[in-house]
Amino acid sequence: FLVGNTTFPSRVQFSDLTNGITTYVATDFFDLDKNNGQYITGLISAFGNLYIFENNSIWMLTGSTRDDFALQKMVDNVGTLSPQSIATPRPFATS
């Protein structure tokens, strides 16, 4: 997955691993809500999904191919300005 295009700040590009990780087909992308004025600030793979952070929202991508990708906005009015602020929870210790 590739983000950070200043022309399309809400675009996520992806590659088909069978074509090589460095090959991006022009149609292999999806846009989040591109008219919301936000921009993607980070990605994290967790719990079997890809979480996409914008400066003011969080999205979840499920699926493993372009044919079964499903995009869902998880949180609105909360996001992150820095990819270094994204973390996954650590397992809880039980006693």
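About the cut-offs
- Residues numbered from 1 in each chain as written.
- Predicted model: local features only at pLDDT ≥ 70, side-chain atom pairs only at ≥ 80, totals over all residues.
- Heavy atoms only, no water.
- Core = buried A, V, L, I, M, F, W, Y, C linked by side-chain atoms within 4.5 Å.
- Buried < 20%, exposed > 50% of the residue type's maximum accessible area, 1.4 Å probe, protein only.
- Helix = DSSP H or I, 4+ residues; strand = E, 2+ residues; numbered from the N terminus.
- Contact = heavy atoms within 4.5 Å.
- Pairing = 2+ DSSP bridges.
- Axes fitted to C-alpha atoms, helices over the stretch in contact; angles between N-to-C directions.
- Phe/Tyr/Trp six-rings, centres within 6.5 Å; stacked < 30°, edge-to-face > 60°.
- Lys NZ or Arg CZ within 6 Å of the ring centre and 35° of its normal.

1. Description of the nonpolar core
By size, the foremost hydrophobic cluster in this structure holds 9 residues: Val12, Phe14, Phe30, Leu32, Ile40, Leu50, Ile52, Trp59 and Leu61. Taken together, the elements giving at least two residues each to this core come down to strand S4 (49-54) and strand S5 (57-62). Contact partners of Phe30, with chain neighbours within four places excluded, come to Ser10, Arg11, Val12, Phe14, Ile52, Leu61 and Leu71. Counting residues in hydrophobic clusters, the runner-up holds 7 residues, among them Ile44, Phe53, Ile58 and Met60.

2. Notes on the sheet that holds strand S3 (residues 40-46)
Judged by pairing direction, the sheet is antiparallel, and its 4 strands sit side by side in the order S3-S4-S5-S6 without closing on themselves. In the strand order of this sheet, the two ends are held by S3 and strand S6 (70-76), each with one partner. Neighbouring strand axes in the sheet, compared pairwise and without regard to direction, differ in orientation by 20 degrees on average. Where S4 lies against S5, 5 bridges are found, and the strand directions are antiparallel. Bridging from a neighbouring strand, Ile52 pairs with Trp59 of S5.

3. Let's talk about the packing of aromatic side chains
Summed over the entire model, instances satisfying the criterion amount to 4 aromatic pairs. Plain terms: the ring middles of Phe14 and Phe30 are 6.3 Å apart, the flat faces sit at 35 degrees to each other, and that makes the pair tilted. Linking Phe14 in the loop between strand S1 (11-13) and strand S2 (29-31) with Phe30 in strand S2, this pair joins segments that are 16 residues apart in sequence. Exposure remark for Phe14: the relative accessible area of 8% places this residue in the buried category. Of the residues examined, Phe30 reaches a relative accessible area of 14% and is grouped as buried. Ring geometry for Phe30 against Phe69: centres 6.2 Å apart, planes inclined by 65 degrees, an arrangement best described as edge-to-face. Highlighted residues: Phe30 in strand S2 and Phe69 in the loop between S5 and S6, separated in sequence by 39 residues. By the ring-pair criterion, three or more aromatic residues cluster together here, those being Phe1, Phe14, Phe30 and Phe69. In this structure, Arg11 packs its charged tip against the face of Phe8, placed 4.0 Å from the ring centre.

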